[in-house]
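A structural walkthrough
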Amino acid sequence: MVTDGLRSTNMEQPHHETVLRVDNLIYEVDETSVSIIHRLAAFQMPWEWCQGSTSRVRVLNDVSFTATGGHMLAILGSSGSGKTSLLDVLACRNTGGLIRGQIALNGQPVDQATMRDCSAYVKQDDCLLEHLTVRETLTFVAHLKLPANCPSDKIEEQVEHLMAELGLSHVSSVKVGGEKVRGVSGGERRRVSIAMQMLLDPDILFLDEPTSGLDSFTAYNIVALLSSLAQRGKLVILTIHQPRSNIFELFDQVMVLSQGNMVYHGLAKEMEGYFHRLGYPCPELTNPCDFFVDLATVDMTSPKTESETRRRMDMLVDAYGKYRSRVIKNDTPPSVSVSEEASNETSAGTVHAGPVKQFSILCRRAFRNHIEDYGFLAVQAVIALAMSFLIGLIYFQLTNNQFDLRDRFALMFLIGALYPYNVVLDVVGEYHKERRILFRETNDGLYTVGPYFFSKVLSELPEHSVFVMLYVIPVYWLANLQPDPILFLRTYGITYILVYCSRSMAYVGAALLPTYHMSVLVAQFFFTFSFLSAGYVINLTSIWEGMKWSTNVSYLRWGYLALAQTQFKGLNFTCEETIPGVIPCIKTGEQALTAYSVNDFSVEEACLILIAFIFVLLALFYICLRCFNQKPHES
């Protein structure tokens, strides 16, 4: 079912039968398998790392079942029952732990590559760029996800068809929105998340709590949509907590988990009768899902209730084990046959967009999302202008006397330090907003770290250029700096490089640590370190010998040096305010630079050092992206 390099997404067409078989699945995780970074993020001290048990915790215990295409399987259970862990293991998206047992797809053992080619995974939370429209969101993902040889008109046709199938055509030009940006409704946003995963027409669709956070009416419509997808030949496997009775009626099969153990698996319509035979009839006017999930839950509120409910859970697990043995003994296992077409589709995989195309798409998407964020752009413009006017008015119309000489040095230092500090906070905050999307999309194989890195670095240059210009222009003329166009452009260029150093340092802190607060803490520490050793707070010749090395790694020092030399050279100062024999007279800018120890390097050398800082920091940013898991701490 491949046309022009693009697998058809016409959901009316039947799929070949997909058979997913799981036998004796056991999943264990090590309690101590937590990275140092995440331990620090949880404020755990080093002496606490070795405390506690080092044993493995069994998350899933002897899970066995068979699910086939054309059906929807709902995995029920209370919090901590293992629902999401089972879904992650089935989708080959678990991030660690020991797996025993067998998982076979169409009779063949599965691996991550095979499962990724034929399945899609919709997470519980919607990771979407808030300022893109529904059509833009799907189109950008389609260009990343669909085969590289697919023409643009085919991609647009596919997006339009998918929006029609999922009931999104009427909001195609509306922003996706989110917590702070008004956009489509919660149900429509969830449909967009599903549509993103349906672009390759997967045979298996995994969904983690697709009704979470939705009202009952919207939740029913989402599950009804999933039921219609299953009826068209897909295998839909979803986790859900305790659905309403009308949602339960849409399920074909149901699995009930309790602390990783199977309590029931079978047809949804037979679940009530099964528990009735065990002596647990569902009371009238009671939702069966609520009753049976509560029945299989261990109540930890007191030792007595824990003992009683655990004993009941053990009995239910044992009863289901016996029931499953009888079913396997009396029934013939479903035959598994893989058609030649199915085998080819599974093994061949899909040739996605190459690195250059990924970079191009990510750049355009990021720029589009930035340019549509009017609130953020307005705030950044106001901040740049406010800081510029504040500094300019405080140092309004400086003269060339001896008192204003010192103020000119202070002005050069503040220009190079005030706005760069604000940039650090903004960049860290923006990155942590994007972090969930980066983690999700790289896990989905939409793109690799390299294209993301270059798109992140380059797509923000236009706004960076504009905001630095807004920052430099008012203060330059208000403070009466030298009215020379060449010197103005040089001042702008030095400030541009200096601010980008702060941006690059913020990238490193944001990618290195999993939480916003820790990233800000580290970034602020290095900024403060650079601030104190820049040469204005204390003269470079007065710094203690043991800390002189710090001045060389202070990027603010090199910016301060370059700005001071740019504005002081060629100036002449009056001497009428000096006291002979007490306060020496500084007549020229060159003498002032010598007195303040900022003439040991030229402007060109300082700028080259700043550019070297940028390349080093960006290289560290890339290493952090490659070597540190970008999974957000809250996930």
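All values reported here derive from a predicted model rather than from experimental measurement.

1. Description of helix H20 (residues 516-532)
- Helix length check: H20 (17 residues) gives 24 Å between terminal C-alpha atoms against 24 Å at 1.5 Å per residue, within 8%.
- Looking at H20, one finds that the buried residues are Met518, Ser519, Val520, Ala523, Phe527 and Ser530.

2. Quick notes on unusual backbone geometry
- Positive phi values are uncommon outside glycine, yet Asn24 reaches one of about 50 degrees.
- Structurally, Asn24 can be placed in strand E3 (residues 19-30).
- The phi torsion at Asn106 lies on the positive side, around 55 degrees, for a residue other than glycine.
- Here Asn106 is to be found in the loop between strand E6 (98-105) and strand E7 (108-109).

3. Details of the pairing of strand E11 (residues 253-258)
- Of all six residues in E11, six are buried; the element is thus mostly enclosed.
- Residue alternation in E11 divides its side chains into two sets, Gln253, Met255 and Leu257 and Val254, Val256 and Ser258, and both sets are buried.
- When E11 meets strand E12 (residues 261-267), the two strands line up antiparallel, connected through six bridges. In the sheet register, Gln253 faces E12, and the bridge partner there is Leu267.

4. Brief notes about the nonpolar core
- Counting residues in each nonpolar core, the largest one holds 181 residues, and the members touching the most others are Leu226, Phe251 and Leu411.
- Top element by residues in this core is helix H19 (residues 485-512). It accounts for 15 residues.
- If we skip the residues at most four places from it in the chain, Phe251 touches Met72, Ala74, Val223, Leu238, Ile240, Pro243 and Ala268.

5. With respect to the state of the cysteines
- If you walk through the whole model with that rule in mind, you get one disulfide.
- Between Cys575 and Cys585 runs a disulfide, and the two sulfur atoms are separated by 1.5 Å. With Cys575 in the loop between helix H22 (555-568) and helix H23 (589-595) and Cys585 in the loop between H22 and H23, this pair connects stretches of sequence that are 10 residues apart.
- The exposure class assigned to Cys575 is partly exposed, which follows from its relative accessible area of 25%.

6. Regarding helix H18 (residues 461-478)
- End to end, H18 covers 26 Å across 18 residues, agreeing with the expected 26 Å (1.5 Å per residue, within 8%).
- Listed in full, the buried residues belonging to H18 are Glu463, His464, Phe467, Val468, Tyr471, Val472, Pro474, Val475, Tyr476 and Leu478.
- Of the surrounding secondary structure, the elements contacted by the buried residues of H18 are helix H13 (355-371), helix H14 (374-394), helix H15 (402-415), helix H16 (418-443), H19 and H22.
- After H18 finishes, the residue Asn480 shows a positive phi value of roughly 65 degrees.

7. Quick word on the side chain of Arg435
- Mapping Arg435 onto the fold places it in helix H16.
- When its relative accessible area of 1% is taken as the criterion, Arg435 is described as buried.
- Of the polar contacts made by the side chain of Arg435, one reaches the backbone oxygen of Ala510; its length is 2.8 Å.

8. Structural notes on the confidence of the model for the protein chain
- With 89% of its residues at a pLDDT of 70 or more, the protein chain has an overall mean of 85.
- No element of the protein chain has a lower mean pLDDT than helix H12 (residues 340-348), at 36, and none a higher one than helix H24 (residues 603-627), at 95.
- Contacts for the low-pLDDT stretch residues 1-15, under 50 throughout, to residues beyond four places or in other chains number 46 contacts.
- Low confidence marks residues 331-350, where pLDDT is under 50. Its contacts with residues over four positions away, or in another chain, come to 19 contacts.

9. So, the pattern of salt bridges
- One pass over the structure, following the stated rule, counts 23 salt bridges.
- Of the charged contacts in the structure, one is a salt bridge between Asp125 and Arg440, with a shortest N-O distance of 2.9 Å. With Asp125 in the loop between strand E8 (119-122) and helix H4 (134-145) and Arg440 in helix H16, this residue pair connects regions lying 315 residues apart in the sequence.
- Using a relative accessible area of 15% as the deciding quantity, one classes Arg440 as buried.

Rules used throughout
- By convention here, each chain's residues receive numbers from 1 onward along its written sequence.
- Only residues with pLDDT of at least 70 get local features here, since the model is predicted, and only at 80 or more are side-chain atom pairs given and counted; chain-wide, interface and lining totals rely on the full set of residues.
- Only hydrogens and water are set aside when side-chain values are computed; all heavy atoms of the structure are taken into account.
- Where helices and strands are cited, they refer to DSSP runs of H or I of at least four residues and of E of at least two residues respectively, numbered from the N terminus.
- Helix span, expected: 1.5 Å multiplied by one less than the number of residues in the helix.
- Relative accessibility decides the category of a residue: with a 1.4 Å probe and only protein chains considered, values under 20% of the type maximum give buried, values over 50% give exposed, and everything between is partly exposed.
- Paired strands, in this sense, are two strands between which DSSP finds at least two bridges.
- We define a nonpolar core as any set of buried Ala, Val, Leu, Ile, Met, Phe, Trp, Tyr and Cys residues linked to one another through side-chain atoms lying within 4.5 Å.
- Should any heavy atoms of two residues lie within 4.5 Å, those residues are considered in contact.
- Disulfide assignment relies on a single distance test, namely cysteine sulfur atoms paired within 2.5 Å.
- In protein, a polar contact requires one atom able to donate a hydrogen and another able to accept it; more generally it is a pair of N or O atoms within 3.5 Å, and residues adjacent in sequence count only if both atoms are side-chain atoms.
- pLDDT is defined as a per-residue confidence score from the predictor, taking values between 0 and 100.
- Each salt bridge in this description consists of a side-chain nitrogen of Lys or Arg and a carboxyl oxygen of Asp or Glu lying within 4 Å of one another.

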